Amino acid sequence: MALSARKLLESVRAELAPAESENRLVPLIERGDAPRTVFGTLAAEESHIVRSDWRSLHLLASRAGEQTAREFFAGLAQGEGLALGKLPALAAAGGMDEKDVAAYEPMAGCQAYPAYFSWLALNGEAADVIVGVVANFAAWGDYCGRIAMAMREKYGLDDEACGFFDFFATPVPDAIEQAVAAVQAGIDAGRCDERTARRYGRLFQAYELMFWNTIADAQTP
């Protein structure tokens, strides 16, 4: 039976959905137990991640063999560009200005995710990478939505401060459909390996959890 892109994506997302207890930072923020400075740390780390992911996505778009994959990666890159503009307000919510963010030294556990994404941009087949990326969409969006809600309810922050997380918490159904089309094109062209795609998704999920938990471990009680 021919491999279905939609079934593959649904299967990988279900298989890799993280358990509630795996992310230690989000519940800490939801309870209001994290210091407000955590938002500065998140913004400073993301200032490196977003720029790196933007470049990785453009490289993936340039390497992709199918037009649908090129459009998918280019669309995500555009989103990263928009997200970058929302980081100063998030940093300010955590007591950091532009100079503070520039002086901040990122943590290895947080930067493992974009480092791996950069490796995939150089080495991965487009359809396999898309499966890995999309496998992480639901968890990332859920985390962002929960943080945005807690920022308002527990920390009294305004919409501008919450803008970065609001942006990523907003579902983009068109992106999923575009991903399905791109992966199916890769399958049809013989450029998608299910085992490799699942491996990319598993590692993406692990590196993202490392990001959250590295920041959780850095917080003082």
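Coordinates for the structure precede this section.
Before going into details, it helps to say that this report is about the structure given with it. (Residues numbered from 1 in each chain as written. Predicted model: local features only at pLDDT ≥ 70, side-chain atom pairs only at ≥ 80, totals over all residues. Heavy atoms only, no water.)

## Some words on the overall build of the protein chain
Argument step 1. Tallying secondary structure elements over the protein chain gives twelve helices and zero strands in all.
Argument step 2. Overall, the protein chain shows an N-to-C arrangement of helices and strands of α-α-α-α-α-α-α-α-α-α-α-α.
Argument step 3. Rg of the C-alpha trace for the protein chain: 17 Å, near the compact-globule value of 17 Å for 221 residues, within the 12% margin.
Argument step 4. Projected onto its principal axes, the C-alpha positions of the protein chain cover 55 × 35 × 30 Å.
Argument step 5. The buried share of the protein chain, taken over its 221 residues, is 51%.
Argument step 6. Sequence-distant contacts in the protein chain: of pairs separated by 6 or more residues, those separated by 24 or more amount to 88%.
Argument step 7. Here the protein chain has roughly 10400 Å² of accessible surface; of this, 54% comes from carbon and sulfur atoms.
Argument step 8. Across the protein chain, the 20 positively charged side chains and the 31 negatively charged ones have centroids separated by 3 Å. (Helix = DSSP H or I, 4+ residues; strand = E, 2+ residues; numbered from the N terminus. Rg over C-alpha atoms; globule rule 2.2 N^0.38 Å. Buried < 20%, exposed > 50% of the residue type's maximum accessible area, 1.4 Å probe, protein only. Contact = heavy atoms within 4.5 Å. Areas by Shrake-Rupley, 256 points an atom, 1.4 Å probe, with all protein chains shown as cover. Lys, Arg positive; Asp, Glu negative; His and termini not counted. Charge placed at Lys NZ, Arg CZ, Asp CG, Glu CD.)

## Here's the deal with the pattern of salt bridges
Argument step 1. By the definition in use, this model includes eleven salt bridges.
Argument step 2. For the salt bridge of Glu125 with Arg191, the shortest nitrogen-to-oxygen distance reads 3.9 Å. Taken together, the residues span a long stretch of sequence, with Glu125 in the loop between helix 7 (108–123) and helix 8 (126–135) and Arg191 in the loop between helix 11 (173–188) and helix 12 (194–218) at a distance of 66 residues.
Argument step 3. Overall, Arg191 belongs to the partly exposed group, its relative accessible area being 33%.
Argument step 4. Linking Arg152 and Asp159 is a salt bridge whose minimum nitrogen-to-oxygen distance equals 2.9 Å.
Argument step 5. Among the ionic contacts, a cluster of salt bridges with common partners joins Glu15, Glu194 and Arg198. (Salt bridge = Lys/Arg side-chain N within 4 Å of Asp/Glu carboxyl O.)

## Section: the packing of aromatic side chains
Argument step 1. What the rule picks out here adds up to 14 aromatic pairs.
Argument step 2. When the centroid spacing of 5.6 Å and the interplanar angle of 75° are considered together, the rings of Tyr143 and Trp212 count as edge-to-face. Separated by 69 residues along the polypeptide, Tyr143 in helix 9 (residues 137–153) and Trp212 in helix 12 bring together distant segments of the chain. Considered together, Tyr143 and Trp212 belong to a single accessibility category, that of buried residues.
Argument step 3. Ring geometry for Phe211 versus Trp212: centroids 5.0 Å apart, planes at 70°, classification edge-to-face. (Phe/Tyr/Trp six-rings, centres within 6.5 Å; stacked < 30°, edge-to-face > 60°.)

## Considering the packing of helix 1 (residues 5–16) against helix 11
Argument step 1. At a minimum axis separation of 8 Å, helix 1 and helix 11 run at an interaxial angle of 115°. Taken as a pair, helix 1 and helix 11 cross one another with a handedness that is right-handed. Residue-level inspection shows Ala5, Arg6, Leu8, Leu9 and Arg13 of helix 1 in contact with helix 11, the latter providing Ile176, Glu177, Ala179, Val180, Val183, Gln184 and Ile187.
Argument step 2. For the contact of helix 1 with helix 11, a count of residues per class yields eight nonpolar, one polar and three charged. (Axes fitted to C-alpha atoms, helices over the stretch in contact; angles between N-to-C directions. Left-handed = near helix turned anticlockwise from the far one by under 90°. Nonpolar A, V, L, I, M, F, W, Y, C, P; charged D, E, K, R; others polar.)

## A few points about the nonpolar core
Argument step 1. Residues Ile29, Phe39, Leu42, Phe165 and Trp212 are the most contacted members of the largest nonpolar core, which totals 41 residues.
Argument step 2. Listed by contribution, the elements that provide at least two residues to this core are helix 2 (25–30), helix 3 (38–63), helix 5 (87–93), helix 9, helix 10 (159–169) and helix 12.
Argument step 3. A total of eight residues in this core trace back to one element, the largest contributor, which is helix 9.
Argument step 4. By size, the runner-up hydrophobic cluster in this structure holds 36 residues, among which are Ala61, Phe72, Phe117 and Ala127. (Core = buried A, V, L, I, M, F, W, Y, C linked by side-chain atoms within 4.5 Å.)

## Notes on the side chain of Glu80
Argument step 1. Within the secondary structure, Glu80 sits in helix 4 (residues 67–84).
Argument step 2. For Glu80, which is buried and forms no salt bridge, the nearest opposite charge comes from Arg51, at a distance of 10 Å.
Argument step 3. Beyond its immediate sequence surroundings of up to four residues, Glu80 is in contact with Val50, Asp53, Trp54, Leu57 and Phe168.

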